[in-house]
Amino acid sequence: MDSPMRIVDQIAIRAPIERIFDAAANVEQWPRILPHYRWVRILDRRDGAGGGTFEMAAWRPFGVARYPTWWVSEMTVDRPAREIRYRHVRGITRGMEVLWRLEPGSDGVSVTIVHEWAGPAWPLIGSLAARLVIGPVFIHGIARRTLAGIKRFSEGA
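Read on for a plain summary of the structure. (Residues numbered from 1 in each chain as written. Predicted model: local features only at pLDDT ≥ 70, side-chain atom pairs only at ≥ 80, totals over all residues. Heavy atoms only, no water.)

**Focus on the overall build of the chain**
From N to C terminus, the chain includes 3 helices and 7 strands. When the helices and strands of the chain are placed in sequence order, the string is β-α-α-β-β-β-β-β-β-α. Taking 157 residues into account, the globule formula puts the C-alpha radius of gyration at 15 Å, and the chain, at 15 Å, falls close to it. For the chain, the C-alpha atoms occupy an extent of roughly 45 × 35 × 30 Å along the three principal directions. In the chain, buried positions account for 46% of the 157 residues. Counted over contacts in the chain with a minimum sequence separation of 6, partners at least 24 positions apart contribute 50%. (Helix = DSSP H or I, 4+ residues; strand = E, 2+ residues; numbered from the N terminus. Rg over C-alpha atoms; globule rule 2.2 N^0.38 Å. Buried < 20%, exposed > 50% of the residue type's maximum accessible area, 1.4 Å probe, protein only. Contact = heavy atoms within 4.5 Å.)

**Digging into the pairing of strand S1 (residues 5-13)**
Alternating residues of S1 divide into Met5, Ile7, Asp9, Ile11 and Ile13, all buried, and Arg6, Val8, Gln10 and Ala12, none buried. Inspection of the sheet shows S1 paired to strand S7 (residues 108-117) by 9 bridges, in the antiparallel sense. Within S7, the position partnered with Ile11 by the bridge is Val111. (Pairing = 2+ DSSP bridges.)

**A short note on the packing of aromatic side chains**
Going through the model one piece at a time under the given rule, you end up with 5 aromatic pairs. Ring centres of Trp30 and Trp100 lie 5.7 Å apart, and the angle between their planes is 35°; on these two criteria the pair is classed as tilted. Here Trp100 lies in strand S6 (residues 97-105) and Trp30 lies in helix H2 (residues 30-33), a separation of 70 residues in the sequence. Under the relative-accessibility criterion, Trp30 is labelled buried at 3%. What makes Trp100 buried here is its relative accessible area of 3%. Arranged with centres 5.3 Å apart and planes meeting at 65°, the rings of Tyr67 and Phe138 form a pair that is edge-to-face. (Phe/Tyr/Trp six-rings, centres within 6.5 Å; stacked < 30°, edge-to-face > 60°.)

**Here we look at the environment of Arg131**
Of note, Arg131 is situated in helix H3 (residues 126-154). Sequence separation of Arg131 and Arg6 is 125 residues, and the distance between their C-alpha atoms is 7.9 Å.

**Some words on the nonpolar core**
In this structure, Trp30, Tyr37, Met56, Tyr86, Trp100 and Val111 are the most contacted members of the largest nonpolar core, which totals 41 residues. Looking at this core element by element, the count peaks at 8 residues for H3. Apart from residues lying up to four places away in sequence, Met56 is in contact with Val27, Trp30, Tyr37, Trp39, Val40, Thr69, Trp70, Trp71 and Tyr86. (Core = buried A, V, L, I, M, F, W, Y, C linked by side-chain atoms within 4.5 Å.)

Okay, structure coming up:
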């Protein structure tokens, strides 16, 4: 069996950690602050800390063309640990685990997103497709735009 795909994206943000965490955890506002997000819909709330199930859709640009993506995630917010976790439960990325971690550093707040996934349930090629195309092209492409947008918003630009 092939090893799972692991994509790590990171950025330093010079803003108060609470402002960054709020921007990252308040996914309902993402379409207003992140131009590549088409929509975020609350399907259910399970706790008072912002967790629940969310339907999310984003564009993955390719030059002048844009490819639509869609998934449903269960989200857990751990404010004391400064972590946000997602488990994709619907869409092509079903089964993907995502961790957002915020850590103070000498260059501002380090915001890291880690995506781990075995790939789609496609016989023979699922893991390969995840590691060679879906991860580096789609997941990394959307995650780096998301981090850049959270940085812009949090730093007040």
